[in-house]
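Coordinate inspection notes
Residue strings, one per chain:
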Amino acid sequence: MSTGAELLSMYDGQIVPRSFRQGFVVLSYFVSCIGAALTLELLNRRTSRNGLANHLILVSAAVTMGGMSIWCMHFVGNRAIILGDDEPELRIDYSSGFSALSYFLPIIVLLAAFVAIGAGYKVTWWRIGSGGVLAAGGICGMHYVGNYSIDNYDCIYDPVYVVGAALIAVFDSIVALSIFFVFRASWRNVWWKRALSACLLAGAVSGMHWVAAVGTQYRLTHLNQLNQSPQTQAIIVVICLSVIGAFFLGGSVIYATWHTRRNANKAQQIVLGVAVFDRLGRILVSPEGLLPSEKITDTYVERTQGDIFSIAHPLFHWMFQVSRNWNSVNGMIDGMVRHLARLPKGSRDSKIRLITDDGEIIENYDAIFRELFCVAAASLADKLKEQLIDIGILWDEILATGVDELPQKLGQGIDRTLEEGSYDQSSQVCGSQVIRQHEYGRGSLMFLVRHLNYSHEVDRLEAAGFRFAEIHQVCGIIGSRMQIKTRDLKAKLTNMATFAKGGTVMSPGVYLGLFAVKARVGSFGFDIVVKKGFRNLLPTMPIPLERLETWQMDIIRQVDRMNVPLLFQILDELKKLSPREVLFASQLYDALQALRAWIDDPIFDDAVITSKVVQVPCRDQAGLNSTKSCAMIALCIMMPIHVSASSPRCEFIPLNFFKVHQIAYKDSPQLAAFARYVHRELSPIVNAAPIKPPGAKCQQAEEFGRRPSSHDSNHSSSTMKLWSQDTQDRQRSGSDTMSDRTALHQPSSLGGIMVSQEIQVDIRQVDDTDGRLPVPSKATTDRVTMVKAGAGFNFEMDCLPGAEYMRTGAPFGSAVAEREKAYNNIGRETTTGRYVVKIFMFQFERARLGLKRIALPTTIAAVGGGALLYSYRPRNIPGFEGPAVPPPIYGADGTFKLPRFPKVKSREEQIADLKKSNSGEEEEYDMLVIGAGATGAGVALDAVTRGLKVAVVERDDFSSGTSSKSTKLVHGGVRYLEKAVWNLDYSQYQLVREALKERKYFLQTAPHLSSWLPIMLPLDKWWKAPYYWAGTKVYDLLAGSEGIESSYFLTRSKALDAFPMLKQTDLVGALVYYDGAHNDSRMNVSIAMTAAVYGATILNHAEVTGLTKNSQGKLSGAVVKDLVPERNGKKTDPITVKAKCIVNCTGPFTDSIRKLDDQDCKEIVAPASGVHVILPGYYSPSNMGLIDPSTSDGRVIFFLPWQGNTIAGTTDEPTTISPNPLPDEKSIQWILNEVSHYLSPDISVRRGDVLAAWSGIRPLVKDPKAKNTESLVRNHLVDISNSGLITCAGGKWTTYRQMAEECVDAAVKEFNLPTKPFFNAPRVSGTEAIDDGAILNGTCQTHHVRLVGAHGYSKTLFINLIQHFGVETEVAKHLTESYGDRAWTVAAMCKPTDLRFPARGERISRLYPFVDGEIRYAIANEYAQTAVDILARRTRLAFLNAQAALECLPKIIDIMSQELKWDRTRQEREWKDTVAFLQSMGLPEPMLTATRAQVEKGKIDFSSLLEYKMYSRHDKPPVTEE
């Protein structure tokens, strides 16, 4: 053998020859098979995407496949590689770091693969394909990462082998997973098919590995110095894996064997199963394909010959009724379990012994059997993780189990007419021999059935470890493994599904029915004919009548006791009488003929009609009780005992069970009485003291005599006979209606109390003398009150002597006995005293150990519960608080007292105040704000609430520029968050955080003008779901306490349900997140009016024409020109306003004011236009918006409901600055094209649907003091010039308040302005209940200052408005959502209509809820001076519908002329100016030349022009030919 130096000199940097050990090749494949088999076994048990157990199974499957089948196979396989002559120095050496990485890599990839495949049972080929590709990627990735961990060789790969290995991995993985999931979906996934899939999956791993290994060459870099034996390491790994694999596979085999044996044992017992059906008719099964079931008892003891456990048995009737009202026993389940635990058990099997050693039945056998049924139902509820009350109702059949076929000897001479679906006591007669079908079943199987109406219920049960399968797929598995012996189990299960839906009911009306009974063969009682599969319905046929009249009853009495042929003859004769009698006779004749044809049995002619009309309760399709009842005219017949039901549509059932079926429906009034009966029967037994030992005799011992022991019986079925011939004879001599009578509720001989309401019971005083047993005393009585508590009841016995020893519900005598026992133990207290310390220490040690055991799970539960509690914590959503002040009410004098809101000064008074600042009469203003948009009004409100003297002037109107042309959102900006993450831009992150905080303040300070809005992100690719989900969750996380609601994911169907207009093509789902929306110009006006109420001087339509400076060159004021007199044809003098501080808040016009200060300053505004269009409301849901983050050119477009219409936008293009920019047609078409991309192709997006369109100028700004003066400011800018001009620009609507706060802070600091607390603040709320000045301490408090209208607003305020003023509902909602509590004043200003309803409020446009009172209110309280002020900023009509705004313009001008005393010249000017403004709102060009006379006469028609096709909202009406 060569030395290390020789080997190094020979192979250093050279390819080392290799060969393979065949044994390790086989071993590696075996290891891979073990891992693949375990993986598929785990995946077979995964039932849902949800649930902790399913998550653990998913992770375990990824670990077994990635860690065992791939990783271990790789390293065991590498041991098969022989390099050189297998010298130790040439053996492969691994890097531990990359080896660990190669272990976790395939696990992570396979986890993604299994998630992609899903847990559903519908084979989705793209899922299987993607899962197979991912699995192959994990196999290949692990192989090459594992090779990369080789430390002493460089691997050289042949590309052909690399590609071939990858193809093998992909092909085998897809084929293996396809076979597995196809068999799994079809419920034919037996063990050998899973083994075949495992071998193929292992073939994918091994095939890829060995093809790649053959194409890999190893170039030596250095020798292996560890000299460890690879064979030894491989053997250790193989042993460990073999033990683990054998353990799990052996455990799986043992579990399957045990489960099979357990099902075989259950087939010999009385078992309760549950059949749960979803809306698709699928049935719930376990992963093995079985129905959940629980044993009730091993055997049922037949005490008499007729005592057969069937649907005719009273015990079954009790179960049938209690399953309709689980609340009657829900509170007693724990007591039942304790009582059953105290019953005597067998010495070998620890099972409850229902038969004593003397062959006698245990005491209270019936009650114990009922307890066993209830406990079995509760166990099923626990297994399904449901409440007992939701477990379902008992099906009306009992299925026999445990027998392959009927004995051959019974086939001779027996009329084989057993009908499928007949009850298990149906009889077959052969001479004198009576054979019951039930006798051949060793076991009995009952079913609780339930129908699921909601998908989340299905998801919850799947998460609990169950599956839903088609009935035809699993009926064979259920029948064979549960040994259910029926001719057509599929039909039975289908019948269960119908039964669970509760659709077997009658509708109100009049019916003709057949009441046919016969004596039961071989037993006692009667059977009745019912509709097959509908055991609560008699064969009936409807008569087209709502009810029976008296004269109709007289006709029925005339035919009383007549058989069917004679009845036909009489009805033919009645057709010759009066018309109404002829009609009724014909209806009855037709119903009788239809019923005879439906029954199709000659015996029907023997039935006779009875004059007694039966009132049958009828219920709706949900199975609820109804006050209505339907009348049934009955045909009666007593059928001979030898006659069987030959009609395929009918069957016989026991008459007593039919009676129970009639009263045991959901919410039946009989269930309350039954609940009381249950408590009377079971409560004393459940709460009784432990029973006597097994040797006690039962009450029936003497009657039955010596009975055979259970050990003597050679009958192993679930029914044990325990009756003698004497008993049989005594039973035969009794009434043949015994079994019918037993169906009725009989009072329990054991007593007991069930309390359904508070009652009082007098209890005699018990005297205790000389320590002897107490004796009754008639001297005094005390009163005991018993009150129902939940499903059970409690006693309150504080006044009863000895009550401290009374157990809840225990008999009074037992309490006395316990009291005597306590008296006898008093003398022992001194003896036990010295053990108190030891007992205490013992209990303390037990508590410590108990706490130690539960510490870890308690901690995990606390952390998990805390996380869930935080996620689903109840939150006070901003804007949903109740009103700060209650609505007005009627006073003591009977008058309705409206709130007395503080009035703002008139416009003339505001102008006078401005003039005083320069006259020396008053001090100069602390601050003069130029511009009354969102920022300017916000600065004014902030400054005035800090105690500063403030004036605001606006050239046009409040919100006349950019502030009224926004997207109407109050949002943090999800697109800004995306930029912050991808660009690692902290300033964008800060912008989002600040905006989310301000969003909360919007909703708090102006809840009537802002609200939350869900916005949908449609997904066209499945991989986008986690990306956008993570983004929206980060958005929620950043919102924190400022959040509204959490975002959530919608499936494709849910997304289409929420947004039906979406295009279905390529839609895979959607994400919904929440942001705020508001009425921007109304918000702006409210901010300005709030500042005016607090004392700010507010003046609109006043232009700043110049700035004044003092001798030091510092600004000292401004020259203001009032523009309103010019509109009236008058001249006005300029006003000089003195102020310590000038603030420039003019948005896009910022540079024009800056140039008044310094002509040489550089422009800082980079204007960008944003076009929006308004579409009809039918383009979007009223409560859901939409965002398209990936338009054709990468921009974001919003699609939002607003004011009953739909707003779409926006664009972002450079523009020039103008007062009213026009929306360009190119931008409008771009928006419409983008909208059409995600709307359904059925919706034609037309240019004529654009009701309005506008262009707003966004003032992006550059910092003049920055090094790079060309770069734009991301947020906003507060700049102070050398002369003292403060410029506040940039930002967005959402952050206006923060911008204002920073601006005022800068002004206070720069000019040392005297802020102070605001004393004697006005009562903005209109009442004395709230002192708004209490919070105004001289600092910024605008995040707490409610705007005008917010104090008395609530979501229900509109109802008070309707009830008092009689306005329309739509109008009332609009007024409260636009004016808040000021809606009272607006409604009062509305003109009466002279109608009964609406009593007030004349609409200015029939399409929208704007009324005349708004115009008067805007003039008197909001400084509206022009028609555009009303149309655009007060009512928003111009933004909603430009044509509607033009149509109502004459009415607006008339009202304003009355209020403002306009002359004809001013009215004509208003018309021209307003029409010109409406052009910027998208008014069609043909209407720009319309005159007022044309509009008033409604003669605007451009249907003959070329523009018709562009502006028309509907197709041109066809021309009708004369």
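Just so we're clear, the structure is a prediction, and the values are computed from it rather than from any experiment.

Once that is clear, we can look at the sheet that holds strand β37 (residues 1142-1144). Ordered by their spatial adjacency, 6 strands build an open sheet running β33-β28-β27-β37-β45-β44, and the pairing between neighbours is mixed. Every other strand in the sheet has two partners, leaving β33 (1097-1099) and β44 (1276-1280) as the edge strands with one partner each. Shown here is a sheet whose adjacent strand axes are inclined to one another by a mean of 15 degrees, direction ignored. In the sheet, strand β27 (residues 927-930) pairs with β37 via 3 bridges, with the strands oriented parallel. Bridge pairing in β37 places Val929 opposite Val1143. This element, helix α35 (residues 1150-1157), spans β27, β37 and β45 (1285-1290) of the sheet and lies at about 165 degrees to β45.

All chains considered together, the criterion is met by 23 aromatic pairs. Between Trp326 and Phe373, the ring centres sit 5.9 Å apart and the planes meet at 20 degrees, which makes this aromatic pair stacked. Pair noted here: Trp326 is in the loop between α9 (314-322) and α10 (327-330) and Phe373 is in helix α12 (residues 365-383), with a separation of 47 residues, a long-range link. Grouping residues by exposure puts Trp326 and Phe373 together as buried. Considering the side-chain rings of Trp1293 and Tyr1296, the 5.6 Å spacing of their centres and the 70 degrees angle between planes classify their relative orientation as edge-to-face. Like Tyr1296, Trp1293 is buried. In this structure an aromatic cluster arises from ring pairing among Phe309, Tyr365 and Phe369. Taking the ring centre of Phe1358 as reference, the NZ or CZ of Lys1373 above it sits at 5.2 Å.

Since the α-helix advances by 3.6 residues per turn, residues separated by three or four positions end up pointing in the same direction. The complete set of buried residues in helix α11 (residues 333-341) reads Ile333, Gly335, Met336, His339 and Leu340. Relative to the axis of α11, the buried residues are bounded by an arc of 155 degrees and lie together on one face. Along α11, the residues that are exposed and aim more than 90 degrees away from the buried face are Asp334 and Ala341. Where α11 is buried, its residues touch α10, α12 and α20 (670-686).

What follows is about the nonpolar core. In this structure, Leu272, Trp318, Val329, Phe373, Met446 and Phe447 are the most contacted members of the largest nonpolar core, which totals 104 residues. The greatest single-element share of this core, amounting to 13 residues, is contributed by α12. If you look at the next biggest cluster of nonpolar residues, it comprises 65 residues, including Leu996, Trp1254, Ala1445 and Val1495.

Moving on, we come to the packing of helix α28 (residues 934-944) against helix α37 (residues 1296-1311). Contact geometry for α28 and α37: axes closest at 8 Å, N-to-C directions at 55 degrees. With respect to their mutual orientation, α28 and α37 come out oblique. Once α28 is placed against α37, the crossing between them reads as right-handed. Where α28 abuts α37, its residues Ala934, Thr935, Gly938, Val939, Asp942 and Ala943 lie against Tyr1296, Met1299, Ala1300, Glu1301, Cys1303 and Val1304. Looking at the contact of α28 with α37, its residues break down into 8 nonpolar, 2 polar and 2 charged.

Before going further, it helps to examine the sheet that holds strand β34 (residues 1102-1109). One open sheet accounts for 3 strands, arranged β34-β35-β36; its pairing is antiparallel. Looking at strand neighbours, the two that pair on one side only are β34 and β36 (1135-1138), the edges of this open sheet. On average, adjacent strands in this sheet sit at an angle of 30 degrees to one another, irrespective of strand direction. In this structure, β34 lies alongside strand β35 (residues 1115-1122), joined through 7 bridges in antiparallel fashion. In the strand pairing of β35, Val1104 is matched with Val1120. Packing of helix α27 (residues 907-919) onto the sheet brings it into contact with β35 and β36, and relative to β36 it is tilted by some 65 degrees.

Take the confidence of the model for the protein next. Across the protein, pLDDT averages 76, with 75% of residues at or above 70. Of the regions scoring below 50 in pLDDT, residues 723-838 engages in 140 contacts with residues more than four places distant in sequence or in other chains.

Another point: unusual backbone geometry. Here Gly1209 and Thr1210 are connected by a cis peptide whose omega angle stands at 20 degrees. Topologically, Thr1210 is positioned in the loop between β41 (1205-1209) and β42 (1213-1214). The peptide bond linking Phe1397 to Pro1398 adopts the cis configuration, its omega dihedral lying at 0 degrees. Looking at where Pro1398 falls in the secondary structure, it is placed in the loop between α40 (1383-1388) and α41 (1412-1421). Although it is not a glycine, Gln1203 adopts a positive phi angle of roughly 55 degrees. Here Gln1203 is to be found in the loop between β40 (1197-1202) and β41. Classification of Gln1203 as partly exposed rests on a relative accessible area of 32%. Unlike most non-glycine residues, Asp1394 shows phi in positive territory, near 65 degrees. For Asp1394, the position within the fold is in the loop between α40 and α41.

Parameters at a glance
- Residues numbered from 1 in each chain as written.
- Predicted model: local features only at pLDDT ≥ 70, side-chain atom pairs only at ≥ 80, totals over all residues.
- Heavy atoms only, no water.
- Pairing = 2+ DSSP bridges.
- Helix = DSSP H or I, 4+ residues; strand = E, 2+ residues; numbered from the N terminus.
- Axes fitted to C-alpha atoms, helices over the stretch in contact; angles between N-to-C directions.
- Contact = heavy atoms within 4.5 Å.
- Phe/Tyr/Trp six-rings, centres within 6.5 Å; stacked < 30°, edge-to-face > 60°.
- Buried < 20%, exposed > 50% of the residue type's maximum accessible area, 1.4 Å probe, protein only.
- Lys NZ or Arg CZ within 6 Å of the ring centre and 35° of its normal.
- Arc of directions from axis to C-beta.
- Core = buried A, V, L, I, M, F, W, Y, C linked by side-chain atoms within 4.5 Å.
- Parallel < 35°, antiparallel > 145°, perpendicular 65-115°, else oblique.
- Left-handed = near helix turned anticlockwise from the far one by under 90°.
- Nonpolar A, V, L, I, M, F, W, Y, C, P; charged D, E, K, R; others polar.
- pLDDT = per-residue confidence, 0-100.

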